[in-house]
Amino acid sequence: MKNLNAYRDQAYKIACEHGFHDEERSIEHWKCLIVSELMEAVEADRKGKRADIRAFDTRQCVGRGSKDVTVSYEYNFGLCIKDTVEDELADACIRIFDLAGYKNIDLEFESERTPVIDQKGAFTEKIYNIVHVLVGCEPLNRCLMLTLMRIFLLAEAMGIDIEQHIQLKMEYNASRPYKHGKKY
(Lines give C-alpha, C1' and ligand atoms only; values in the text may rest on other atoms or scores of the structure.)
Protein backbone atom coordinates (compact mmCIF):
# COMPACT_ATOMS: atom_id res chain seq x y z
CA MET A 1 0.00 0.00 0.00
CA LYS A 2 1.23 3.44 -0.92
CA ASN A 3 1.77 5.86 1.94
CA LEU A 4 -1.67 7.29 2.77
CA ASN A 5 -0.16 10.70 3.45
CA ALA A 6 1.27 10.72 -0.08
CA TYR A 7 -2.26 10.20 -1.43
CA ARG A 8 -3.48 12.92 0.94
CA ASP A 9 -0.88 15.39 -0.29
CA GLN A 10 -1.47 14.61 -3.95
CA ALA A 11 -5.28 14.84 -3.69
CA TYR A 12 -5.10 18.09 -1.72
CA LYS A 13 -2.62 19.60 -4.20
CA ILE A 14 -4.83 18.75 -7.19
CA ALA A 15 -7.91 20.10 -5.39
CA CYS A 16 -6.12 23.37 -4.55
CA GLU A 17 -4.85 23.74 -8.13
CA HIS A 18 -8.39 23.27 -9.42
CA GLY A 19 -10.02 25.83 -7.13
CA PHE A 20 -11.75 23.59 -4.62
CA HIS A 21 -10.18 25.46 -1.71
CA ASP A 22 -10.53 29.01 -3.04
CA GLU A 23 -13.12 29.69 -0.36
CA GLU A 24 -13.61 28.46 3.19
CA ARG A 25 -16.07 25.56 3.53
CA SER A 26 -17.39 23.68 6.55
CA ILE A 27 -16.48 20.11 7.47
CA GLU A 28 -20.12 19.23 6.78
CA HIS A 29 -19.70 20.51 3.22
CA TRP A 30 -16.72 18.23 2.63
CA LYS A 31 -18.40 15.26 4.30
CA CYS A 32 -21.47 15.78 2.13
CA LEU A 33 -19.31 15.62 -1.00
CA ILE A 34 -17.83 12.33 0.24
CA VAL A 35 -21.35 10.99 0.81
CA SER A 36 -22.33 12.09 -2.71
CA GLU A 37 -19.48 10.01 -4.17
CA LEU A 38 -20.61 6.99 -2.15
CA MET A 39 -24.17 7.46 -3.44
CA GLU A 40 -22.80 7.64 -6.98
CA ALA A 41 -21.12 4.28 -6.30
CA VAL A 42 -24.53 2.87 -5.32
CA GLU A 43 -26.04 4.19 -8.57
CA ALA A 44 -23.18 2.69 -10.58
CA ASP A 45 -23.73 -0.64 -8.83
CA ARG A 46 -27.47 -0.49 -9.52
CA LYS A 47 -26.70 0.07 -13.22
CA GLY A 48 -24.05 -2.66 -13.27
CA LYS A 49 -21.34 -0.19 -14.30
CA ARG A 50 -17.91 -1.69 -13.68
CA ALA A 51 -14.53 -0.50 -14.91
CA ASP A 52 -12.85 -2.30 -17.79
CA ILE A 53 -9.17 -1.91 -16.95
CA ARG A 54 -8.07 -4.36 -19.63
CA ALA A 55 -9.79 -2.30 -22.34
CA PHE A 56 -8.38 0.92 -20.86
CA ASP A 57 -4.82 -0.47 -20.80
CA THR A 58 -5.15 -1.80 -24.35
CA ARG A 59 -6.44 1.54 -25.64
CA GLN A 60 -3.63 3.36 -23.80
CA CYS A 61 -0.98 1.14 -25.41
CA VAL A 62 -2.46 1.50 -28.88
CA GLY A 63 -2.89 5.25 -28.52
CA ARG A 64 0.52 6.06 -27.04
CA GLY A 65 2.00 8.98 -29.00
CA SER A 66 -1.11 9.48 -31.14
CA LYS A 67 -2.51 12.95 -31.82
CA ASP A 68 -6.02 11.47 -32.16
CA VAL A 69 -8.21 12.74 -29.28
CA THR A 70 -10.19 9.49 -29.31
CA VAL A 71 -7.15 7.65 -27.92
CA SER A 72 -6.24 10.23 -25.28
CA TYR A 73 -6.02 9.35 -21.59
CA GLU A 74 -9.10 11.45 -20.83
CA TYR A 75 -11.14 9.86 -23.63
CA ASN A 76 -10.10 6.33 -22.69
CA PHE A 77 -10.76 6.99 -19.01
CA GLY A 78 -14.23 8.30 -19.86
CA LEU A 79 -14.95 5.30 -22.05
CA CYS A 80 -13.63 2.51 -19.80
CA ILE A 81 -13.58 3.74 -16.18
CA LYS A 82 -15.53 6.95 -15.48
CA ASP A 83 -18.75 6.70 -13.46
CA THR A 84 -18.22 3.04 -12.51
CA VAL A 85 -18.34 1.52 -9.02
CA GLU A 86 -14.53 1.52 -8.94
CA ASP A 87 -14.31 5.15 -10.07
CA GLU A 88 -16.85 6.38 -7.52
CA LEU A 89 -15.20 4.51 -4.64
CA ALA A 90 -11.90 6.05 -5.71
CA ASP A 91 -13.59 9.48 -5.79
CA ALA A 92 -14.79 8.99 -2.21
CA CYS A 93 -11.25 8.10 -1.13
CA ILE A 94 -9.83 11.10 -2.96
CA ARG A 95 -12.33 13.39 -1.22
CA ILE A 96 -11.26 11.88 2.12
CA PHE A 97 -7.59 12.41 1.25
CA ASP A 98 -8.35 16.00 0.23
CA LEU A 99 -10.19 16.75 3.49
CA ALA A 100 -7.34 15.16 5.45
CA GLY A 101 -4.93 17.42 3.57
CA TYR A 102 -7.10 20.47 4.20
CA LYS A 103 -7.14 19.70 7.95
CA ASN A 104 -3.55 18.41 8.01
CA ILE A 105 -4.52 15.00 9.39
CA ASP A 106 -1.73 12.41 9.58
CA LEU A 107 -3.37 9.36 8.00
CA GLU A 108 -0.41 7.06 8.64
CA PHE A 109 -0.65 7.66 12.37
CA GLU A 110 -4.40 7.12 12.31
CA SER A 111 -4.15 3.91 10.24
CA GLU A 112 -2.08 2.31 13.00
CA ARG A 113 -5.01 2.80 15.41
CA THR A 114 -7.84 1.63 13.10
CA PRO A 115 -9.61 -1.58 14.22
CA VAL A 116 -10.50 -4.42 11.88
CA ILE A 117 -14.03 -3.97 10.56
CA ASP A 118 -16.60 -6.65 9.74
CA GLN A 119 -18.00 -6.14 6.22
CA LYS A 120 -21.20 -8.21 5.98
CA GLY A 121 -24.33 -7.50 3.96
CA ALA A 122 -25.33 -6.22 0.53
CA PHE A 123 -23.46 -3.45 -1.29
CA THR A 124 -26.09 -0.90 -0.25
CA GLU A 125 -25.81 -1.95 3.38
CA LYS A 126 -22.03 -1.67 3.28
CA ILE A 127 -22.26 1.82 1.76
CA TYR A 128 -24.87 2.80 4.34
CA ASN A 129 -22.52 1.65 7.12
CA ILE A 130 -19.68 3.65 5.58
CA VAL A 131 -21.87 6.77 5.42
CA HIS A 132 -23.07 6.17 8.98
CA VAL A 133 -19.46 6.14 10.23
CA LEU A 134 -18.56 9.21 8.18
CA VAL A 135 -21.36 11.38 9.53
CA GLY A 136 -21.73 9.87 12.98
CA CYS A 137 -18.33 9.71 14.58
CA GLU A 138 -15.87 12.07 16.17
CA PRO A 139 -13.16 13.28 16.11
CA LEU A 140 -12.64 14.03 12.41
CA ASN A 141 -9.31 12.18 12.10
CA ARG A 142 -10.85 8.93 13.41
CA CYS A 143 -13.97 9.42 11.32
CA LEU A 144 -11.98 9.86 8.08
CA MET A 145 -9.71 6.91 8.80
CA LEU A 146 -12.56 4.54 9.65
CA THR A 147 -14.42 5.60 6.52
CA LEU A 148 -11.34 5.16 4.37
CA MET A 149 -10.58 1.72 5.81
CA ARG A 150 -14.16 0.58 5.23
CA ILE A 151 -13.94 1.65 1.59
CA PHE A 152 -10.61 -0.16 1.20
CA LEU A 153 -12.06 -3.32 2.77
CA LEU A 154 -15.17 -3.16 0.59
CA ALA A 155 -13.02 -2.74 -2.52
CA GLU A 156 -10.84 -5.68 -1.51
CA ALA A 157 -13.90 -7.87 -0.93
CA MET A 158 -15.16 -6.93 -4.40
CA GLY A 159 -11.81 -7.68 -6.06
CA ILE A 160 -11.17 -4.00 -6.81
CA ASP A 161 -7.62 -2.67 -6.84
CA ILE A 162 -8.67 0.58 -5.17
CA GLU A 163 -5.17 2.03 -5.20
CA GLN A 164 -4.96 1.60 -8.96
CA HIS A 165 -8.29 3.38 -9.35
CA ILE A 166 -7.24 6.17 -7.00
CA GLN A 167 -4.08 6.73 -9.04
CA LEU A 168 -5.96 6.61 -12.36
CA LYS A 169 -8.59 9.06 -11.09
CA MET A 170 -6.04 11.49 -9.68
CA GLU A 171 -4.27 11.55 -13.05
CA TYR A 172 -7.62 12.19 -14.73
CA ASN A 173 -8.53 14.90 -12.19
CA ALA A 174 -5.22 16.69 -12.77
CA SER A 175 -6.21 17.17 -16.42
CA ARG A 176 -9.68 18.58 -15.71
CA PRO A 177 -10.75 22.24 -15.79
CA TYR A 178 -11.24 24.59 -12.82
CA LYS A 179 -13.53 22.96 -10.23
CA HIS A 180 -14.02 20.24 -12.86
CA GLY A 181 -16.57 22.56 -14.50
CA LYS A 182 -18.81 22.55 -11.43
CA LYS A 183 -19.99 25.20 -8.97
CA TYR A 184 -18.15 23.59 -5.98
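Remember, predicted model here, so these are calculated numbers, not experimental data.

Calculation criteria
Residues numbered from 1 in each chain as written. Predicted model: local features only at pLDDT ≥ 70, side-chain atom pairs only at ≥ 80, totals over all residues. Heavy atoms only, no water. Helix = DSSP H or I, 4+ residues; strand = E, 2+ residues; numbered from the N terminus. Buried < 20%, exposed > 50% of the residue type's maximum accessible area, 1.4 Å probe, protein only. Contact = heavy atoms within 4.5 Å. Areas by Shrake-Rupley, 256 points an atom, 1.4 Å probe, with all protein chains shown as cover. Phe/Tyr/Trp six-rings, centres within 6.5 Å; stacked < 30°, edge-to-face > 60°. Lys NZ or Arg CZ within 6 Å of the ring centre and 35° of its normal. Expected span 1.5 Å × (residues − 1). Axes fitted to C-alpha atoms, helices over the stretch in contact; angles between N-to-C directions. Parallel < 35°, antiparallel > 145°, perpendicular 65-115°, else oblique. Left-handed = near helix turned anticlockwise from the far one by under 90°. Nonpolar A, V, L, I, M, F, W, Y, C, P; charged D, E, K, R; others polar.

Student: I tried to follow the overall build of the protein chain on my own but got confused; where do I start?
Tutor: When you go through the protein chain residue by residue, the secondary structure sums to 9 helices and 0 strands. If you list the helices and strands of the protein chain from N to C, you get α-α-α-α-α-α-α-α-α. Expressed as a percentage of its 184 residues, the buried residues of the protein chain come to 50%. Pairs at least 24 residues apart make up 83% of the contacts formed inside the protein chain by residues separated by at least 6 positions. Here the protein chain displays about 9500 Å² of accessible surface, and carbon together with sulfur accounts for 50% of that area.

Student: What exactly am I supposed to notice about the packing of aromatic side chains here?
Tutor: Where two aromatic rings form a pair, the distance of their centres and the angle of their planes describe that pair. Per the counting criterion, the structure on display carries 5 aromatic pairs. Aromatic pair Tyr7 and Phe97: ring centres 5.2 Å apart, planes at 25 degrees, arrangement stacked. In this pair, Tyr7 is assigned in helix α1 (residues 4–17) and Phe97 in helix α5 (residues 85–102), connecting sequence segments 90 residues apart. Both residues of the pair, Tyr7 and Phe97, belong to the buried class. Ring plane angle 20 degrees and centroid distance 6.2 Å describe the contact between Tyr73 and Phe77, whose orientation is recorded as stacked. With Tyr73 and Phe77 both in helix α4 (residues 73–80), this residue pair falls 4 residues apart, about one helical turn. Judged by relative accessible area, which is 0%, Phe77 ranks as buried. An aromatic cluster is built from Phe56, Tyr73, Phe77 and Tyr172, whose rings are joined through pairwise contacts. One Lys or Arg, Arg95, reaches over the ring of Phe20 and ends 5.5 Å from the middle of that ring.

Student: Could you clarify how one ought to interpret helix α9 (residues 162–174) in this entry?
Tutor: Owing to its 3.6 residues per turn, the α-helix brings residues three or four apart onto one side. With 13 residues, α9 should reach 18 Å at 1.5 Å per residue; the first-to-last C-alpha distance of 18 Å fits that figure. Listing the buried residues of α9 in full gives Ile162, Glu163, His165, Ile166, Leu168, Lys169, Met170, Tyr172 and Asn173.

Student: Just checking my understanding: could you explain the packing of helix α7 (residues 123–136) against helix α8 (residues 140–157) for this structure?
Tutor: A pair of packed helices is characterised by two quantities: the angle between their axes and the separation of those axes. Where α7 meets α8, the closest approach of the two axes is 8 Å, and the angle between their N-to-C directions is 165 degrees. When the axes of α7 and α8 are compared, the pair comes out roughly antiparallel. Note on packing geometry: the crossing formed by α7 with α8 is left-handed. Across the interface between the two elements, Phe123, Lys126, Ile127, Asn129, Ile130, Val133 and Leu134 of α7 pack against Cys143, Leu144, Leu146, Thr147, Arg150, Ile151 and Leu154 of α8. Its residues placed into classes, the contact of α7 with α8 shows 10 nonpolar, 2 polar and 2 charged.

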